[in-house]
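# Commentary on secondary and tertiary structure
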Amino acid sequence: MSEQSIPDQTAVQQLAAAVEAASVPASGSAHKPKVLMMVGMAGSGKTTLVQRLAAELAAQKKRVYTINLDPAVAQIPYFANIDIRDTITFKDVMTQFKLGPNGAIMTALNLFTTKFDQVMEYLEKSASEIDYIIVDTPGQIEVFTWSASGTIITEFLAHSYPTSLIYTVDLMRCLNATTFMSNMLMSCSILYKTQLPYIIAFNKADITSHEFAIEWMTDPDALSDALERDTTYMASYVRSMALVLEEFYEHLRCVGVSALVGSGMDEFFEALDESLVDYDTKYLPMLEELKAERLRNEEAKRQALLAKYQRDMAAERRKQRQAERNPWDSPHASDDEDEDDGDTFGMDSAIDPFAEHEEDSYDEDDFDIGGQYSDQFESSDEEDGEGGFLPTGATMSGAMGATGTPRRHEDTLAADLARLGLGPLNSSRSPGGDAASTSAYLQVLEGMSRSKVSDE
Ligand SMILES: Nc1nc2c(ncn2[C@@H]2O[C@H](COP(=O)(O)OP(=O)(O)OP(=O)(O)O)[C@@H](O)[C@H]2O)c(=O)[nH]1
């Protein structure tokens, strides 16, 4: 490994996007291998269970593929078709990145995840020849289930193949009601995190039966009895948590197994088949709904962007036309103004007869100097194709010729000036043109506006 710096999350984020885009597998379509994700606390027996399940499935003439994602494991008792240790040397990660064991596991997983699309490609090619893919994960459960890379790997697989999560619990660590509750809370958090179909495999049933655990899950009194001698505050806490988890327990599939001696395998595969039905009936529809929602959001964003672009374009066109038509263009108009503010003549909007109307509805033509001004507006398609509002009646007659074709603005202005008994405007369009006429004209207009407002 040659890199000397901790890899940033960019590659992982790109992979996350790839997972997002991954196609949702159609249920009941072509042959797809079933994925078993083994998670559980360190020492709970995941690796031993992978070995046991692979052997059992091989005995059933099923084609099994195993993936080891634990970079820190010294030896594994099964043949791994894909092994993270072939790509990344855990000790090198520790020395090169100056990390402790947990940080190194996390970094090794991140590095491996950046290549996981290649693993997926490989699986895709071999899919028709595989019945089951069993994935062994690091014992530091939070490193996998709560890390970006763990999530990406899980979703990559779950978005492509029917997947079930196998949470392995060491029965010997459940004998105490309080630690049993800790284990259940952990399993609950993983279920909520992954939302995948789920099996709890109470392992090491060769030492003690898992029946007591099932009883505690189904009968709160049994749990209370177990807590009888416990007088600490934890006992009441465990009792109340048991009530909270009651509903969670209802949807759980629990089996007692011994990875070591192979007991409970029939029940395990029965539970596995049921959980894979859940994958088809619950997980897949949820995935499809999420995907549809993402597409809807993207489309909404695209439409909003398009609308903004169109508004910007229209505003730009308005500015251009205004600049062409009004040589004395209002000094009050701001350069970065996107939309007509209704203050076309630079008049105080308080006396602008149109200021009460919604700004978005205006086009500069609505305020054309040649107009007769009216309170009533009607919707109309304008020459640039945008919907807009025009004053009703003949109010725009000053701006339109008899044939309905737009007249030159200067002609309109000249006619208005003549009607008002004022001299002609300087047609040179220079800002300093016939200043006296312009100013007089504006005063008359302002006066008209004031009298209109006071009329109202
Ligand atoms: N008695 C008994 N021991 C078991 C069983 N399964 C696993 N063990 C033992 O439990 C210990 C831990 O087993 P692993 O399979 O390494 O557990 P793991 O969860 O993979 O551990 P990490 O790699 O640390 O995450 C080993 O000594 C196993 O032999 C079982 O069903 N019964």
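Residues numbered from 1 in each chain as written. Predicted model: local features only at pLDDT ≥ 70, side-chain atom pairs only at ≥ 80, totals over all residues. Heavy atoms only, no water.

So, on to the pattern of salt bridges. For the coordinates displayed, the defined rule picks out 11 salt bridges. Note that Asp-278 is salt-bridged to Arg-253, the shortest N-O span being 3.0 Å. With Asp-278 in helix H13 (residues 265-325) and Arg-253 in strand S7 (residues 253-256), this residue pair connects regions lying 25 residues apart in the sequence. Judged by its relative accessible area of 14%, Asp-278 falls in the buried class. Glu-289 is the salt-bridge partner of Arg-296, the closest N and O atoms lying 3.0 Å from each other. Under the relative-accessibility criterion, Arg-296 is labelled partly exposed at 47%. The structure contains a network of salt bridges with shared partners spanning Arg-253, Glu-274, Asp-278 and Lys-282. (Salt bridge = Lys/Arg side-chain N within 4 Å of Asp/Glu carboxyl O. Helix = DSSP H or I, 4+ residues; strand = E, 2+ residues; numbered from the N terminus. Buried < 20%, exposed > 50% of the residue type's maximum accessible area, 1.4 Å probe, protein only.)

Below, the discussion takes up the site of the ligand. Residues in contact with the ligand amount to 17 residues; listed here are only the nearest, Lys-46, Thr-47, Thr-48, Asp-206 and Ala-259. Between an oxygen atom of the ligand and a main-chain N or O atom of Gly-43, the distance comes to 3.0 Å. Note that an oxygen atom of the ligand is positioned 3.1 Å from one of the side-chain N or O atoms of Lys-204. Burial of the ligand by the surrounding chains reaches 70%, relative to a free accessible area of 640 Å². (Near = heavy atom within 4 Å. Polar contact = N/O pair within 3.5 Å; in protein donor to acceptor, adjacent residues only side chain to side chain. Areas by Shrake-Rupley, 256 points an atom, 1.4 Å probe, with all protein chains shown as cover.)

Here we take up the confidence of the model for the protein chain. Per-residue confidence for the protein chain gives a mean pLDDT of 76; residues scoring 70 or more make up 65%. Confidence drops under a pLDDT of 50 for residues 1-6, and excluding neighbours within four residues, the segment shows 13 contacts in the predicted structure. Here residues 425-433 is a poorly scored stretch, pLDDT under 50, and it has 15 contacts once near neighbours within four places are set aside; other chains count. The complex prediction reports pTM at 0.65, with the ipTM value standing at 0.98. (pLDDT = per-residue confidence, 0-100. Contact = heavy atoms within 4.5 Å.)

A separate point is the layout of surface pockets. A volume near 480 Å³ is recorded for the largest pocket. Lining the largest pocket are 15 residues, and of these Leu-191, Leu-196, His-251, Asp-278 and Lys-282 sit closest to its centre. Those elements giving two or more residues to the lining of the largest pocket turn out to be helix H9 (177-194), helix H12 (233-250) and H13. Top element by residues in the lining of the largest pocket is H13. It accounts for four residues. Its residues assigned to classes, the lining of the largest pocket comprises nine nonpolar, two polar and four charged. (1 Å grid on protein atoms, 1.4 Å probe; cavity = no way out; pocket = protein on both sides within 12 Å on 5 of 7 lines; lining within 4 Å. Points joined across faces, edges and corners; volume = space filled by probe spheres on them. Nonpolar A, V, L, I, M, F, W, Y, C, P; charged D, E, K, R; others polar.)

Scanning all chains against the criterion turns up two cavities of 30 Å³ or more. Counting only elements with at least two residues in the lining of the largest cavity, the list comes to helix H7 (141-145), helix H8 (148-160) and H9. Tallying contributions element by element places H8 first for the lining of the largest cavity, with four residues. Each residue belonging to the lining of the largest cavity can be placed in one class, and the counts come to three nonpolar, five polar and two charged.

Turning next to the packing of aromatic side chains. Under the criterion given, the structure shown has nine aromatic pairs. Aromatic pair Tyr-65 and Tyr-122: ring centres 6.1 Å apart, planes at 45°, arrangement tilted. Of this pair, Tyr-65 sits in strand S2 (residues 64-68) while Tyr-122 sits in helix H6 (residues 116-126), placing them 57 residues apart in sequence. Note on Tyr-65: relative accessible area 8%, which makes it buried. Arranged with centres 6.3 Å apart and planes meeting at 20°, the rings of Tyr-167 and Tyr-198 form a pair that is stacked. Pair noted here: Tyr-167 is in strand S5 (residues 163-170) and Tyr-198 is in strand S6 (residues 198-203), with a separation of 31 residues, a long-range link. Classification of Tyr-167 by relative accessible area gives buried; the value is 0%. (Phe/Tyr/Trp six-rings, centres within 6.5 Å; stacked < 30°, edge-to-face > 60°.)

This brings us to the sheet that holds S2. Picture the strands of a sheet paired through backbone hydrogen bonds; they go either parallel or antiparallel. Taken in spatial order, the seven strands line up as S3-S2-S4-S1-S5-S6-S7 in an open sheet, and their pairing is parallel. Among the strands making up the open sheet, the edge pair consists of strand S3 (82-83) and S7. Those strands touched by helix H2 (residues 46-59) are strand S1 (34-40), S2, strand S4 (132-136), S5 and S6, and its axis lies near 165° from that of S4. (Pairing = 2+ DSSP bridges. Axes fitted to C-alpha atoms, helices over the stretch in contact; angles between N-to-C directions.)

With a phi close to 65°, Lys-61 is a non-glycine residue in the positive phi region. With respect to the helices and strands, the residue Lys-61 is situated in the loop between H2 and S2. The phi torsion at Gln-195 lies on the positive side, around 60°, for a residue other than glycine. Along the chain, Gln-195 turns up in the loop between H9 and S6.

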